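# What the coordinates show
Okay, here's what each chain looks like letter by letter:
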Amino acid sequence: MADINKIGIIGAGQMGAGIAQVCAVAGFDVILNDVSDERVDHGLATISGNLTRLVERKQIDEAAVQTALTHVSRATDYNALADCDLVVEAATENETIKHAIFQKVGQNLKPGAILATNTSSISITRLAAATDRPEHFIGIHFMNPVPRMQLVELIRGIATDEVTFTAAKQLIAKLGKTAIVSEDFPGFIVNRILLPMINEAIYTLYEGVGSVDSIDTALRLGANHPMGPLQLADFIGLDTVLSIMQVLHEGLADSKYRPCPLLVKYVEAGWLGRKTQRGFYDYRSGTPVPTR
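Residues numbered from 1 in each chain as written. Predicted model: local features only at pLDDT ≥ 70, side-chain atom pairs only at ≥ 80, totals over all residues. Heavy atoms only, no water.

## Quick word on the UniProt feature "binding site: NAD(+)" (unreviewed entry) in the protein chain
Per the UniProt record, the feature "binding site: NAD(+)" (unreviewed entry) sits at Gly11, Ala12, Gly13, Gln14, Met15, Gly16, Asp34, Glu93, Lys98, Ser120, Asn144 and Lys275. Checked against the element boundaries, alanine 12 lands in the loop between β1 (6-10) and α1 (14-25). Apart from the residues lying within four places of it in its own chain, the contact partners of alanine 12 are Ala17, Leu32, Asn33, Asp34, Arg39, Val40 and Gly43. Structurally, serine 120 is set in the loop between β5 (114-117) and α5 (124-128). Residues within four places of serine 120 in sequence aside, it is in contact with Glu93, His141, Gly187, Phe188, Asn191 and Ile244. (UniProt positions renumbered as here; feature names shortened; annotations may be inferred. Helix = DSSP H or I, 4+ residues; strand = E, 2+ residues; numbered from the N terminus. Contact = heavy atoms within 4.5 Å.)

Okay, here's the thing in structure tokens:
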């Protein structure tokens with residue numbers, strides 16, 4: 001059985017920092033990696049800020065925070081991942097970028113190390129084929145925001161062996177989260193259902209059926225959703241929403257997955273949601289204001 005004690009995280013953005021945080025709090029040694037010191041610093045600051053808020057809410061004590069922070073170290077070089085038992089890629093949802101990462105990082109890992117991807121939609125089998133260890137490759141899809149969301153999707157590629165799958169399942173249990181198993185189809189389970197709903201909400205806006213505010217209010221109060229679909233799209237990132245819809249559309253060849261032209265236009269404008277301060281809402285004043 002693969003014994004996971006040390007975990008490398010490639011990508012110090014919102015997802016990577018969140019994965020690093022939950023692993024460190026659970027007592028695992030974590031190496032947070034990104035392409036620059038600035039990006040790693042931002043990820044570490046995110047972790048520290050998240051943990052401070054947990055202390056303020058009395059969900060964790062200060063001693064536990066300090067212990068967790070001692071478990072996290074930094075790296076901008078893949079050589080630092082050489083003794084990791086598991087490396088999780090949490091880079092942007094772009095298959096070309098992920099392939100480049102896997103082709104480089106594999107040269108630095110020990111033979112038995114597990115390589116995982118946090119992709120939210122891309123074929124695990126296809127990504128595994130770009131690595132030097134397809135039998136030790138698996139999809140571990142954490143939900144966003146990682147520290148708060150209970151669910152993790154586990155996705156086996158065609159070559160993923162039982163040892164890798166069992167080790168991943170045991171890791172998720174140690175993190176105190178719930179694992180479900182999805183077959184390796186575009187979007188897996190959650191995004192196969194969630195993203196077309198968001199895309200349909202954007203079509204509803206595009207066709208003038210309702211405004212941003214009315215659409216989000218309708219789903220919050222009419223379907224008891226914690227946030228409206230357009231608000232959720234801004235939180236996810238409109239570039240990520242578009243990328244997943246393109247994977248669904250291309251992979252399943254069904255017109256019902258065609259990305260809404262308005263979504264494409266927002267992405268082309270660089271209005272990607274919260275991370276750029278403008279999307280379906282304008283966040284620049286500190287109070288979200290609908291843009292349509």
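## Remarks on the packing of helix α7 (residues 190-206) against helix α9 (residues 229-236)
Helices that pack against each other are described as a pair by the angle of their axes relative to one another and the distance between those axes. Their axes nearest at 9 Å, the elements α7 and α9 cross at an angle of 115 degrees. Relative to α9, α7 is oriented so that their crossing is left-handed. Note on element contacts: α9 touches α7 through Pro229, Leu230, Leu232, Ala233 and Ile236, opposite Leu194, Met197, Ile198, Ala201, Ile202 and Leu205. Taken together, the residues that form the contact of α7 with α9 break down as 11 nonpolar, no polar and no charged. (Axes fitted to C-alpha atoms, helices over the stretch in contact; angles between N-to-C directions. Left-handed = near helix turned anticlockwise from the far one by under 90°. Nonpolar A, V, L, I, M, F, W, Y, C, P; charged D, E, K, R; others polar.)

## Thoughts on the sheet that holds strand β2 (residues 29-33)
The strand order β3-β2-β1-β4-β5-β6-β7-β8 describes an open sheet built from 8 strands, whose pairing is mixed. The two strands at the open ends of the sheet, each matched to only one other strand, are β3 (72-75) and β8 (178-182). On average, each strand axis in the sheet is tilted by 25 degrees relative to the strand beside it, whichever way the strands run. Two strands pair when backbone bridges link them, and β5 and strand β6 (residues 137-142) are joined in this way by 3 bridges, in the parallel orientation. (Pairing = 2+ DSSP bridges.)

## A few points about the nonpolar core
Core analysis: the biggest nonpolar cluster contains 37 residues, and Ile7, Ile140 and Phe142 have the highest contact counts within it. When residues of this core are assigned to their parent elements, the largest contribution, 7 residues, is made by α1. If near-sequence neighbours (up to four positions away) are discounted, isoleucine 140 is found in contact with Ala116, Thr117, Asn118, Val152, Glu153, Leu154, Ala168 and Ile172. Counting residues in each nonpolar core, the second largest holds 27 residues, with Ile198, Ile202, Val212 and Val267 among its members. (Core = buried A, V, L, I, M, F, W, Y, C linked by side-chain atoms within 4.5 Å. Buried < 20%, exposed > 50% of the residue type's maximum accessible area, 1.4 Å probe, protein only.)

## A few points about the state of the cysteines
A full pass over the atoms with the stated rule returns 0 disulfides. In this model cysteine 23 remains outside any disulfide bridge; the closest cysteine sulfur is found in cysteine 84, 11 Å from its own. (Disulfide = S-S within 2.5 Å.)

## Things to note about the domain arrangement of the protein chain
One can read the domain layout of the protein chain as domain 1 (6-183) and domain 2 (190-290). On a C-alpha basis, the centroid separation for the pair domain 1 and domain 2 is 26 Å. Counting residues at the interface gives 11 residues for domain 1 and 6 residues for domain 2. When domain 1 packs against domain 2, the two sides together hide about 700 Å² of surface, and 57% of this comes from carbon and sulfur. (Domains from an automatic or database assignment. Buried area = accessible area lost by both parts, 1.4 Å probe.)

## Some words on the environment of glutamate 207
Relative to the helices and strands, glutamate 207 resides in the loop between α7 and α8 (212-222). Accessibility expressed as a relative area gives 56% for glutamate 207, which makes it exposed. Through-space distance from the C-alpha of glutamate 207 to that of tyrosine 257 is 17 Å; in sequence the pair is 50 residues apart.

## With respect to the pattern of salt bridges
Within this structure, the stated rule accounts for 12 salt bridges. A salt bridge links lysine 6 to aspartate 83, with the nearest nitrogen and oxygen atoms 3.0 Å apart. Of this pair, lysine 6 sits in strand β1 while aspartate 83 sits in the loop between β3 and β4 (86-89), placing them 77 residues apart in sequence. Aspartate 83 sits in the partly exposed class, given a relative accessible area of 42%. Between arginine 284 and aspartate 282 there is a salt bridge; the shortest N-O distance is 2.6 Å. You can call arginine 284 exposed: its relative accessible area is 53%. Taken together, the salt bridges that share partners define one network made up of Asp37, Asp41 and Arg74. (Salt bridge = Lys/Arg side-chain N within 4 Å of Asp/Glu carboxyl O.)

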